[in-house]
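Inside the fold
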Amino acid sequence: MINLRNEKKPIKAFVAYNKSDNIRIASSSGGIFTLLAEQTIRAGGIVFGAKFDEHWNVQHSYTEEIEDLSLFRGSKYVQSSVKNSYQKVKQFLTENRLVLFSGTPCQVNGLKKYLQKDYRNLITIDFICHGVPSPGVWRNYLKQIALIRAKKSSEPIFIQSINFRDKPEGWKKFHISFFFAPQDPIRKSQTYLFSLPFHDNAYMNLFLNDIILRPSCYTCKSKGGRSGSDLTIADCWGIKLLAPEMDDDKGISLVMINTALGNKMMNGIEEIIKKQIDTNDAITSNKSWKQTASPHELRTLFFRKYQTKEDITGYTQYLLNPPIFIRVARKICRICGIKQMPI
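These lines cover the structure that appears in this document, whether it is placed above or below. (Residues numbered from 1 in each chain as written. Predicted model: local features only at pLDDT ≥ 70, side-chain atom pairs only at ≥ 80, totals over all residues. Heavy atoms only, no water.)

1. Here we look at the packing of aromatic side chains
Operational definition: Put simply, two rings from Phe, Tyr or Trp (the six-membered ring, in Trp's case) pair if the centres are within 6.5 Å, and we call them stacked under 30 degrees between planes, edge-to-face over 60, tilted for the rest. Note on geometry: a ring has a charge over it if NZ (lysine) or CZ (arginine) is within 6 Å of the ring centre and within 35 degrees of the ring normal.
Counting across every chain of the model gives 24 aromatic pairs. Cluster of aromatic residues (ring-pair linked, three or more members): Phe52, Trp56, Tyr77, Trp138, Tyr141, Phe164, Phe178, Phe194, Tyr203 and Phe207. Over the aromatic face of Phe52 sits the side chain of Lys76, whose NZ or CZ is 5.9 Å from the ring centroid. Here the basic side chain of Lys274 rests over the ring of Phe14, its NZ or CZ set 5.1 Å away from the ring centre.

2. Quick look at the layout of surface pockets
Quick reminder of the rule: The rule is simple: put a 1 Å grid over the protein atoms alone, call a set of points where a 1.4 Å probe fits but cannot get out a cavity, call an open set with protein on both sides within 12 Å along at least five of seven lines a pocket, and count a residue as lining if it has an atom within 4 Å of a point. Grid points are joined across faces, edges and corners, and a volume is the space filled by probe spheres set on the points. Only DSSP runs of H or I reaching four residues or more are called helices, and only runs of E reaching two or more are called strands; each is numbered from the N terminus.
Its volume calculated, the largest pocket comes out at about 1,000 Å³. Surrounding the largest pocket, 46 residues form its lining, Ser28, Ser75, Tyr77, Phe127 and Asp235 being those nearest its centre. At the level of secondary structure, the elements contributing two or more residues to the lining of the largest pocket comprise helix H2 (32-42), strand S2 (46-52), strand S3 (58-63), strand S5 (122-127), helix H6 (202-208) and strand S9 (231-235). When residues of the lining of the second largest pocket are traced back to their parent elements, those giving at least two are S2 and strand S6 (157-166).

3. Topic: empty space enclosed by the protein
Keep this limit in mind: When residue character is reported, Ala, Val, Leu, Ile, Met, Phe, Trp, Tyr, Cys and Pro are called nonpolar, Asp, Glu, Lys and Arg charged, and the others, Gly included, polar.
Within the structure shown, the criterion is met by two cavities of 30 Å³ or more. Estimated volume of the largest cavity: approximately 80 Å³. Split by residue class, the lining of the largest cavity holds five nonpolar, six polar and three charged. By volume, the second largest cavity is sized at about 40 Å³. Lining the second largest cavity, in full, are Phe302, Lys305, Tyr306, Glu310, Asp311, Ile312 and Tyr315.

4. What about the sheet that holds S3?
What counts is decided by this rule: In this description, strands pair whenever DSSP reports at least two bridges between them. For every element, the axis is a line fit to its C-alpha atoms; helices are fit only across the contacting stretch, and the angle between N-to-C directions ranges from 0 to 180 degrees. Throughout, a contact is declared for two residues whenever any of their heavy atoms are within 4.5 Å.
A sheet is described by the order of its strands in space; here eight strands give the open sequence S3-S2-S4-S5-S9-S10-S1-S11, paired in mixed fashion. In this open sheet, the two edge strands, each paired with only one partner strand, are S3 and strand S11 (272-277). The sheet shows a mean angle of 25° between the axes of neighbouring strands, direction not considered. The pairing of strand S1 (residues 12-18) with S11 spans six bridges and is antiparallel. If you follow Ala13 over to S11, its bridge partner there is Ile277. Most of the contacts of helix H4 (residues 105-115) go to S5, to which it runs at about 150°, and overall it touches S3, strand S4 (99-102) and S5. Docked against the sheet, helix H8 (residues 260-267) engages S1, S4, S5, S9, strand S10 (253-257) and S11, running at close to 135° with respect to S10.

5. Section: the packing of helix H5 (residues 135-152) against helix H10 (residues 299-306)
The test is simple: Oblique is the label for every angle not falling under 35 degrees (roughly parallel), over 145 degrees (roughly antiparallel), or within 65 to 115 degrees (roughly perpendicular). Left-handed describes a crossing in which the near helix is turned anticlockwise from the far one by less than a right angle; the clockwise case is right-handed.
Contact geometry for H5 and H10: axes closest at 12 Å, N-to-C directions at 55°. Judged by the inter-axis angle, H5 sits oblique to H10. In the crossing of H5 with H10, the sense of the turn from one axis to the other is left-handed. When H5 is examined against H10, the residues Gly136, Val137 and Asn140 are found in contact with a partner set consisting of Phe302, Phe303 and Tyr306. Split into classes, the residues belonging to the contact of H5 with H10 amount to four nonpolar, two polar and no charged.

Structure below.
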């Protein structure tokens, strides 16, 4: 695990959430991105963010319409393809349009390097990033989920929507949910649900155990405020210590103000409940702000099996919860410094 030196600490930090319960429930945490994006669009600006394409891959795109912000709302635990977004950002900036760009710290860092100069009409937002999973693993998993649901249905169906941070049991016990609908146009109003708590979902277990992150995530150079973003947003998992009176389990955001422009943006929001907290407390409550993930000892083994196109869900369960003799063998390998983990 890497602790970055020369971190650029935020100038302010807040615990905050959107006053709209509807937006908040539909968001990953407190719905702050939506407020910032709405402010930008009302000022005549353009918002860039990550959304699903028609095949449920994740890509960056932009909008000038508040109605389209729902497409960018919510976490998507897959690497987003920026495609030509950097070029589009530069085009709008040179046309003196206000632009808000949101993405991972490395994507914001990449945009800054691409532009090679500062623009007064550019606002950048990143988030505290655990790391991004492989798009290939996501596509494989998606096929398996569709196959599982199709076997349970008596008619052809398609994926209607995906929510990585569904909150049927609240913010802390979020689910990853897949909504399916019949291909028959007459019956499309009917939906089928495949939903599991994050700790029971194979894909989320692979992600949270640092098994399927991109190799670059293990040596990230954009953490610790080094992306150059104006604002950083995240889940406020330390809410019970930082502001227990605000914890209603609907979702709370941690907002770090990194620049004067970010401070101006935050001050311009009206539909918000917020409480300023100590910046050191904000950093301490979310270690991923500066610490990179470490490759899991089973990562190589997983990808070796993954390449054989085996069932990800079944194999993940076996990988993380193996029989006792496999667990003992792995412990012996750790003690002896053997890197090759037994299956």
